[in-house]
Number of protein chains: 2
Amino acid sequence: MPKIDPERLLNDLRHLRSFGATGPGVVRLSLSAVDMDARRWLAGRMTEAGLDASIDGVGTVFGRSRNAGPALLIGSHTDTQPTGGWLDGALGVIYGLEIARALGECEETREFAVDVASWIDEEGTFSGFLGSRSFTGEPVDEAIRNARNRDGLLLADALGHAGLAATPRVLIDRARHKAYLEPHIEQGGRLEAHGKSIGVVTTIVGIRELRLRFTGQRNHAGTTPMSIRRDAGAALVAFIARMDEAFRQLADADTVWTVGRIELDPGSFSVVPGAAELHLQFRDASAERLRAMESALAGLVRDFNAREKVSVAIAGSEPPEEPVTMDAALQTHLAHAAQALAPGAWEPMPSGASHDAQVLAHHVPACMLFVPSIGGVSHDFIEDTADAHIVLGCQVAARAAAEILRSLRA
Amino acid sequence: MPKIDPERLLNDLRHLRSFGATGPGVVRLSLSAVDMDARRWLAGRMTEAGLDASIDGVGTVFGRSRNAGPALLIGSHTDTQPTGGWLDGALGVIYGLEIARALGECEETREFAVDVASWIDEEGTFSGFLGSRSFTGEPVDEAIRNARNRDGLLLADALGHAGLAATPRVLIDRARHKAYLEPHIEQGGRLEAHGKSIGVVTTIVGIRELRLRFTGQRNHAGTTPMSIRRDAGAALVAFIARMDEAFRQLADADTVWTVGRIELDPGSFSVVPGAAELHLQFRDASAERLRAMESALAGLVRDFNAREKVSVAIAGSEPPEEPVTMDAALQTHLAHAAQALAPGAWEPMPSGASHDAQVLAHHVPACMLFVPSIGGVSHDFIEDTADAHIVLGCQVAARAAAEILRSLRA
């Protein structure tokens, strides 16, 4: 079995952390100068590991093994949120690098092909999942022409500044790329709460996002008796209670729903709110349950409008994201490796967050492995994972990688 | 009995409306050029009515009868909200002018003394109730030095621009001013809903205003299971439901409470709110009930903190305003006059809004008379009252004024 080098792994992660280091955190937005520095360093480390490394036309760093396929592709992202943590996607990319090295150093696996990718802009500084979408042939030309970052910089211009305007984009090789593995930090507190060290992802959850708008009657808060008020804020609060009850009936332990924003209009002490709005998001691993929740919500809206003095309507919604199931055979390989190296200390679990794996999964069998996040924190400067968990996760991923490739080559 | 002149009354109201007219509404902020124009016009009309009229050192227009006391003081305010209605305080001031004229024209009442006031800045463009506070000898020097309007203009400078810097302030004459009457539009929908034409105010309600802050844990809305969340927004919603239930137990039909503002932090779709704040106001005519509501709220806060994963605290509050009871004998005079001129079409009621009368009532027996607001609307350009109600209200007030003065002189 291949053996990873814990010190080499941790040193590479720590070196990558130095690009954009800000206190304990990292600010390394896609295609920024410091992000490009990190990409060039990464390509150099890939080259040293014997991979053919390049930065492609959208900024993805791709390290291709010189071995013939079938290949296991291991990837994640090295860009960060505006106030990002040091591990997030960086962990999975450096795992890929270390696994490519470890398999190359092992007699039994030295002929195995491991390609490694750092997909550009998973975090959506310009256009979320740009690298994985470009790699799998999904349409990105319109985004390249029109997407802008928060400062108004066009993606096309950012690529020009990075010297990538004329660089070709790397594309999936369907004859070669037969499996995708994305290791990642959990970004939640479940593994920690359960005392587990490894999560094997079953599904990346689907997402619904919508705004509900309540319309009542603005009035003087002193002279309008409770009995004749049409208080849009009070209606919103009552609606949330009914929605919570309805969703609780439909939910399993992993279903989540969040009211992330509430606004009352006009928002003053002395005025009964005439309008109110809430932002609702819900996520679940089951497409059927998401549809049932949508349906329950529509029923609540109808019922509310039929019975109450304040009206409610869905004022807008984001395109639905459907759940993406991880490949069953690949999950089994991860589970076997986890059980071998961390018996009883792993569990299957959904991913509540989005990942490049959900893009790749539409084109190639895909799987994900999680390591615990301390305190469940991510997308924050204090995001962290214990060294022992970082090392164990990479050992499990390397063992699974060897098994996956063995079975692909069989 | 004195008789008012409906046309003269309505014409004066309509002429006053022309100062600052904006569509159907009026913008006549305290001490603005147009407000000063209106004050000079009003002083002129008072002089024509035989009153000794002046604009005092804070801008109050005061018309003093040449008759010896005891005097009935009738007043309200001619300044408006930033987007004000045409009647609001203007109604009561022009009622006072018309009643002074009507009593002066009537054989039986021509010796009676009616003084008329338009108190400056009831609406708080600089400092709320400035005129009535100054008149009753409450401290206003600090406000004159430091209060500013929304544009940053100092009150002292505004008084200078209006040419009032060296003008003396009119003060209550306790030997003369034995009763205060403030006629006003209702600013609510109660009289209209009950099919009544006149309201006799029993009490001006007390007010409490405070902010409640909820502190939980900010988290990823996808990766944080419902069971381990400390969602400050969900806690806020749950708290409101308990508060509504507790307040409903304590309330009578006139008790009102309003959550006018809600903020969730950070306020995004994808983040479980780590903090949340609500602005709460409650009003009631009973000081005892207000204390019971404060006490219930404190109990809910204690209970919530003992049992829930999110903490709540009172983050700040405005100084309490206690309820102010209208003088019983004056209420009886208003009721008799209303019953004589509008039998069965009047009712006693609290004032849910604040008025200069609450300042005056601490120094002189005070009463208020309401006329209906169409649709309950006020502090809005479309604020209005039917002409018939305007005229009837003035007739009732004039009759009550004559009876009040008769009893004061007895």
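Residues numbered from 1 in each chain as written. Chains lettered and ligands numbered in written order. Predicted model: local features only at pLDDT ≥ 70, side-chain atom pairs only at ≥ 80, totals over all residues. Heavy atoms only, no water.

Visitor: I'd like a description of the sheet that holds strand β11 (residues 256-265) of chain A, backed by residues and values.
Guide: All names here are of chain A. Across the sheet, 4 strands lie side by side as β11-β13-β9-β14; this open sheet has antiparallel pairing. Looking at strand neighbours, the two that pair on one side only are β11 and β14 (311-317), the edges of this open sheet. Ignoring strand direction, the axes of neighbouring strands in this sheet form an average angle of 20°. Each of β9 (206-215), β11, β13 (275-284) and β14 touches helix α8 (residues 232-250); the most contacted strand, β13, lies at about 15° to it. (Pairing = 2+ DSSP bridges. Helix = DSSP H or I, 4+ residues; strand = E, 2+ residues; numbered from the N terminus. Axes fitted to C-alpha atoms, helices over the stretch in contact; angles between N-to-C directions. Contact = heavy atoms within 4.5 Å.)

Visitor: Outline the relation of the copies chain B and chain A, listing residues and values.
Guide: For the pair chain B and chain A, the best superposition has an RMSD of 0.1 Å and corresponds to a rotation of 180° with a translation of 0.0 Å parallel to the axis. Such a turn and shift between the copies fits a two-fold axis. The overlap is high: 98% of the interface residues of chain B also sit at the interface in chain A, so the same surface is used on both sides. (Least-squares fit on C-alpha atoms with pLDDT ≥ 70 in both.)

Visitor: Hey, could you go over the packing of aromatic side chains for me, with residue numbers and the actual values?
Guide: Each aromatic ring pair is characterised by the separation of its centres together with the angle its planes make. Residues and elements named next belong to chain A. Enumeration according to the criterion identifies 18 aromatic pairs over all chains in this entry. Judged by centre distance (6.3 Å) and plane angle (50°), the rings of W119 and Y180 are tilted. Note that W119 is positioned in the loop between β6 (113-118) and α4 (130-135) and Y180 in strand β7 (residues 177-185), a separation of 61 residues in sequence. Accessibility expressed as a relative area gives 0% for Y180, which makes it buried. An aromatic cluster is defined as three or more aromatic residues linked by ring pairs; in this entry it consists of F62, W119, F135 and Y180. Over the ring of W86 we find R17, and its NZ or CZ is 4.2 Å from the ring centre. (Phe/Tyr/Trp six-rings, centres within 6.5 Å; stacked < 30°, edge-to-face > 60°. Buried < 20%, exposed > 50% of the residue type's maximum accessible area, 1.4 Å probe, protein only. Lys NZ or Arg CZ within 6 Å of the ring centre and 35° of its normal.)

Visitor: Hey, could you go over the environment of A:L73 for me, with residue numbers and the actual values?
Guide: Residues and elements named next belong to chain A. Within the secondary structure, L73 is located in strand β5 (residues 71-76). By relative accessible area, L73 is classed as buried at 1%. Sequence separation between L73 and P266 is 193 residues, and the spatial gap between their C-alpha atoms is 53 Å. In this structure, L73 is in contact with F62, D115, V116, A117, W119, F135, H177, A179, Y180, L181 and L360, ignoring residues within four places of it in sequence.

Visitor: Residues and numbers for the pattern of salt bridges, please.
Guide: All names here are of chain B. Throughout the structure, instances matching the rule amount to 58 salt bridges over all chains. Here D52 makes a salt bridge to R66, at a shortest N to O gap of 2.9 Å. On the criterion of sequence distance, the pair formed by D52 in strand β3 (residues 52-55) and R66 in the loop between β4 (61-64) and β5 (71-76) is long-range, its members being 14 residues apart. Here D52 falls in the partly exposed class, since its relative accessible area comes to 40%. For the salt bridge of D173 with R64, the shortest nitrogen-to-oxygen distance reads 3.9 Å. (Salt bridge = Lys/Arg side-chain N within 4 Å of Asp/Glu carboxyl O.)

Visitor: Summarise the pairing of strand β8 (residues 198-204) of chain B; cite the residues concerned and give the values.
Guide: Residues and elements named next belong to chain B. Counting buried residues along β8, 6 of its 7 residues qualify, which places the element largely inside the surrounding structure. Note: β8 against strand β17 (residues 366-371), 2 bridges, orientation antiparallel. Across the sheet, residue G199 finds its bridge partner in β17, namely F370. One ladder, built from 2 bridges, connects β8 with strand β15 (residues 324-325); its direction is antiparallel. Along β15, the bridge assignment pairs I204 with V324.

Visitor: Describe the interface of chain B and chain A, listing the residues and the values that go with them.
Guide: Listed by partner, the interface residues are 45 residues for chain B and 44 residues for chain A. Here chain B and chain A share an interface that buries about 3600 Å² over both sides, 59% of which is from carbon and sulfur atoms. Inspection of the chain B/chain A interface yields 10 residue pairs in polar contact (both at pLDDT 80 or more). At the level of elements, β9 (206-215), β10 (219-220), α8 (232-250), β11 (256-265), β12 (271-272) and β13 (275-284) of chain B are the ones that each hand at least two residues to the side of chain B that touches chain A. (Buried area = accessible area lost by both parts, 1.4 Å probe. Polar contact = N/O pair within 3.5 Å; in protein donor to acceptor, adjacent residues only side chain to side chain.)

Visitor: Describe the UniProt feature "binding site: Zn(2+) 1" (unreviewed entry) in chain A, listing the residues and the values that go with them.
Guide: Residue and element names in this part refer to chain A. In the numbering used here, UniProt assigns the "binding site: Zn(2+) 1" (unreviewed entry) feature to H77, D88 and H184. The greatest C-alpha distance among the annotated residues, which extend across 108 residues, is 9.6 Å, indicating that they converge on a single site. By secondary structure assignment, the location of H77 is in the loop between β5 and α3 (90-104). Its relative accessible area of 0% is what places H77 among the buried residues. Setting aside anything within four residues of it in sequence, one finds H77 in contact with D88, G89, A90, V93, S118, W119, E122, E123, H184 and D356. A distance of 2.9 Å separates the side chain of H77 from the side chain of D79, its partner in a polar contact. (UniProt positions renumbered as here; feature names shortened; annotations may be inferred.)

Visitor: Summarise the packing of helix α2 (residues 33-48) of chain A against α3(A); cite the residues concerned and give the values.
Guide: All names here are of chain A. Across the interface, α2 lies against α3 with an axial gap of 10 Å and an inter-helix angle of 15°. Judged by the inter-axis angle, α2 sits roughly parallel to α3. Considering how the two elements wind past one another, α2 and α3 form a crossing that is left-handed. Contacts from W41, L42, R45 and M46 of α2 reach α3 at V93, I94, L97 and R101. Residue composition of the contact of α2 with α3, by class: 6 nonpolar, no polar and 2 charged. (Parallel < 35°, antiparallel > 145°, perpendicular 65-115°, else oblique. Left-handed = near helix turned anticlockwise from the far one by under 90°. Nonpolar A, V, L, I, M, F, W, Y, C, P; charged D, E, K, R; others polar.)

Visitor: Explain the side chain of B:R176 to me, and be specific about the residues and the numbers.
Guide: Residues and elements named next belong to chain B. Structurally, the position occupied by R176 is in the loop between α6 (155-161) and β7 (177-185). The class for R176 is buried, based on a relative accessible area of 5%. There is a polar contact of 2.8 Å between the side chain of R176 and the side chain of D115. If sequence neighbours within four positions are ignored, R176 has contacts with R64, S65, N67, A68, G69, P70, A71, A113 and D115.

Visitor: Lay out unusual backbone geometry with the relevant residues and their values.
Guide: Residues and elements named next belong to chain A. Residue P70 follows G69 across a cis peptide bond; omega there is 0°. With omega at 10°, the peptide bond leading from D265 into P266 counts as cis. Note on placement: P266 falls in the loop between β11 and β12 (271-272). The phi dihedral of L31 is positive, around 70°, even though this residue is not glycine. Checked against the element boundaries, L31 lands in the loop between β2 (25-26) and α2. On the basis of relative accessibility, which here comes to 10%, the residue L31 falls in the buried class.

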